[in-house]
Amino acid sequence: MKSFTLQFIAISLAAAFSSTAMATESIKASVNGMVCAFCAQGIEKRLSNMPATKAVFVDLKKKIVAVEAREGQTLDGEAIRHEIREAGYDVTRLETVPQSVADIRAQTKAAK
Ligand SMILES: [Cu+2]
């Protein structure tokens, strides 16, 4: 009986961990002032250097910047806002979305 209970706990914990690992989270920002590839590169470099960053996506035309968190890490929205501002651009909107950067990229490209 005791070992059964332990086994149940172990299975529950494993399930909880795997569901946490599966949850992809990104921060999506609307950014004004980006005009060329160098603007995009500068922002991408700054955000890539942040410890919780897994991937960065910048779309000049749609004025979108997205940052995906590493597994088990949480992105700091205010720190991202700060980095973009330090690079010289204006953040007009910032939201956390349950999507990967690849999803956001595909969605942005589809929305012509
Ligand atoms: Cu530029």
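Residues numbered from 1 in each chain as written. Predicted model: local features only at pLDDT ≥ 70, side-chain atom pairs only at ≥ 80, totals over all residues.

1. Section: the confidence of the model for the protein chain
Defined as follows: Each residue carries a pLDDT score, the predictor's own confidence in it, on a scale running from 0 to 100. Only DSSP runs of H or I covering at least 4 residues are called helices, and only runs of E covering at least 2 are called strands; the numbering of each starts at the N terminus.
On average, the protein chain scores 87 in pLDDT, and the residues at 70 or more come to 80%. Per-element mean pLDDT across the protein chain ranges from 53 in helix 1 (residues 2-22) up to 98 in strand 1 (residues 26-32).

2. Notes on the sheet that holds strand 1
Keep this limit in mind: Each pair of strands is called paired provided DSSP finds at least two bridges between the two strands. Think of each axis as a best-fit line through the C-alpha atoms, taken over the contacting stretch in the case of a helix, with angles from 0 to 180 degrees between the N-to-C directions. Residue pairs are scored as contacts if the distance between their C-beta atoms, which are placed from the backbone, is within 7 Å.
The sheet built from 4 strands is open, its strands ordered 2-3-1-4 with antiparallel pairing. On the outer flanks of this sheet lie strand 2 (53-59) and strand 4 (90-97), each paired with one strand and no other. Within this sheet the neighbouring strands show an average axis-to-axis angle of 15°, counted without direction. Two strands pair when backbone bridges link them, and strand 1 and strand 4 are joined in this way by 7 bridges, in the antiparallel orientation. If you follow Ser-30 over to strand 4, its bridge partner there is Arg-93. Helix 3 (residues 77-86) contacts strand 1, strand 3 (64-69) and strand 4 of the sheet and is inclined by roughly 150° relative to strand 4.

3. Section: the nonpolar core
Condition: For this analysis, nonpolar core means a set of buried Ala, Val, Leu, Ile, Met, Phe, Trp, Tyr and Cys residues linked through C-beta atoms within 7 Å. Residues with at least 20 other C-beta atoms within 10 Å of their own are called buried, those with 12 or fewer are called exposed, and the rest are partly exposed. The C-beta atoms themselves are positioned from the backbone.
In this structure, Ile-43, Val-65, Ala-66, Val-67, Ile-80 and Ile-84 are the most contacted members of the largest nonpolar core, which totals 19 residues. If you list the elements that add at least two residues to this core, you get strand 1, helix 2 (37-48), strand 2, strand 3 and helix 3. For this core, the leading source of residues is strand 3, giving 5 residues. Excluding residues within four positions of it along the chain, Ile-43 makes contact with Met-34, Val-58, Val-65, Ile-84, Ala-87 and Tyr-89.

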